[in-house]
Amino acid sequence: MKKVLVSGGCGYIGSHTIVDLINNGFKVVSVDNHINSNSKVLKRIEKITGKKVKNYKIDLCNEKKLQKVFLENKDIVGIIHFAALKSVGESVEKPLWYFKNNLNSTLNLLQAAKTHKVRNFIFSSSCTVYGNAEKLPVTEETPWLKAESPYGLTKQMGEEIIESFAKANPKHNSILLRYFNPGGAHDSKLMGEAPNVALNLVPVITEQAIGKRKSIMVFGDDYDTRDGSCVRDYIHVMDLANAHTKAIQNLVKKKNKTNCEAYNLGIGEGATVLEVIKAFEKVSGKKLNYKIGPRREGDVVAIYSNYKKAKKQLKWKPKRNIEDIMLSAWEWEKVRSKKK
Ligand code: NAD
Ligand code: WQD
């Protein structure tokens, strides 16, 4: 069984990926300081998979402590690096905190990879690197625009740091995964997104439906799109999780084309905000209370992916659509709210 180090393994996407990795025969060790998570998720992973996962509760910015993790786990074959601060608005208010956390954690992990000869590295990037792209769908070749926020800049810089590392270290292999808009939860209803303050559309919707908030504000209906609201490519978190398993398998089997490849991970279709609301109403049978409000500053009008590269090279394909996302997010919200 091959061992993978997952950074940010207690977070939303990391925890779902750990489940998929274990179900595909990998051993996992996690590093997460719980800055945006807690240890309960480890019990949930154990309940789903029957396997205990060790988490090192340390800050990845602490290089010494991180090195110790590698010394204690000499059999690590790959790193999947999820850990980051991810709130766009917060990054505008506290840019230095975002740069320090997201860049130093990446630098320290790369250093550890080099020192301990861990040759396979996967990085959580984002469609945010493309900005307001002119031509849709975006491919991996679509040129980047100037980052809209310090958070977005940490993703662009993260990718560039890894590319430079790859050039200088030909034996090291990296994959940059550009997620579009993740949503949904594990089918078991034991695990899903649990934000302290919901800002993203999917949890905002489920929170309104369960009664945690009075209404949903649709940020603008006067864009040049089919119904005037913004278009995004929503991808189910378990499909996203599986792409990481495929990516690490690809690296371990040395099937990667070059030693640093980027892949878009979306479903290749855009849905408007109003369509997402309708999809939720359809699968849940609940009527949502929403209002049309002003545009949100910094919002991209429309973005969706071309994921043909991941399909061809990683043999990955998303299996779920927007209705599956909304249904699983809703099932999870109902369980999560009862637990509180
Ligand atoms: P999350 O906040 O749920 O998980 C991130 C985890 O990393 C948290 O558990 C947090 O405690 C941990 N962490 C952060 N900084 C750390 C540090 N210095 N040391 C140790 N642990 C640390 O976020 P997520 O939604 O699971 O996102 C995972 C990754 O995917 C992030 O890199 C994020 O930027 C990227 N991403 C997320 C989305 C999204 O919409 N969720 C979209 C595109 C890209
Ligand atoms: C989706 C759509 C909003 C909330 C963010 C990050 C991006 C990436 C993914 C990490 C937009 C609309 C939302 C609400 C609304 N993350 N909306 N009312 O902004 O596409 O992407 O997460 O890398 O970097 O920016 O996601 O879920 O916030 O918004 O109308 O209350 O829903 O305007 O069109 P976004 P989101």
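Residues numbered from 1 in each chain as written. Chains lettered and ligands numbered in written order. Predicted model: local features only at pLDDT ≥ 70, side-chain atom pairs only at ≥ 80, totals over all residues. Heavy atoms only, no water.

Asks: Help me understand the site of ligand 2 in this model?
Replies: Every one of the 18 residues lining ligand 2 counts as a neighbour, but Ser126, Tyr151, Met217, Arg232 and Asp299 are closest to it. Here an oxygen atom of ligand 2 sits 3.0 Å away from a polar atom, N or O, in the side chain of Asn181. Summarising the interface, the protein chains cover 87% of the accessible area of ligand 2, which totals 680 Å² for the free molecule. Secondary-structure elements contributing two or more residues to the shell around ligand 2 are helix H7 (201-210) and strand S8 (216-219). Top contributing element to the shell around ligand 2 by residue count: S8, with three residues. (Near = heavy atom within 4 Å. Polar contact = N/O pair within 3.5 Å; in protein donor to acceptor, adjacent residues only side chain to side chain. Areas by Shrake-Rupley, 256 points an atom, 1.4 Å probe, with all protein chains shown as cover. Helix = DSSP H or I, 4+ residues; strand = E, 2+ residues; numbered from the N terminus.)

Asks: What's the story with the site of ligand 1 in this structure? I'm lost.
Replies: Not every one of the 27 residues close to ligand 1 is listed here, only the nearest: Asp32, Asn36, Ser37, Phe82 and Tyr151. Side-chain polar atom of Tyr151 to an oxygen atom of ligand 1: 2.6 Å apart, as the coordinates give it. Coverage of ligand 1 by the protein chains reaches 95% of its 820 Å² of free accessible surface. Sorting the residues of the shell around ligand 1 by element identifies helix H1 (12-23), strand S5 (120-126) and helix H6 (150-168) as the ones contributing at least two each. With three residues, the top contributor of residues to the shell around ligand 1 is S5. When grouped by side-chain class, the residues that make up the shell around ligand 1 number 13 nonpolar, 10 polar and four charged. (Nonpolar A, V, L, I, M, F, W, Y, C, P; charged D, E, K, R; others polar.)

Asks: What is the right way to read the nonpolar core from this model?
Replies: Most often, soluble globular proteins have nonpolar side chains that are buried together. Counting residues in each nonpolar core, the largest one holds 36 residues, and the members touching the most others are Ile122, Ile175, Leu177, Leu265, Leu314 and Trp316. Listed by contribution, the elements that provide at least two residues to this core are strand S1 (3-7), H1, helix H2 (40-49), strand S6 (173-179), helix H8 (237-252), strand S11 (260-265) and helix H10 (308-314). With residues near it in sequence (within four places) discarded, Trp316 still touches Ile235, Asp239, Asn242, Ala243, Lys246, Asn264, Leu265, Gly266, Tyr307, Ala310 and Lys311. Grouped together as the second largest cluster of nonpolar side chains are 25 residues, Ile58, Leu66, Leu176 and Ala262 included. (Core = buried A, V, L, I, M, F, W, Y, C linked by side-chain atoms within 4.5 Å. Buried < 20%, exposed > 50% of the residue type's maximum accessible area, 1.4 Å probe, protein only. Contact = heavy atoms within 4.5 Å.)

Without other data, these values stay purely geometric and don't point to any function.
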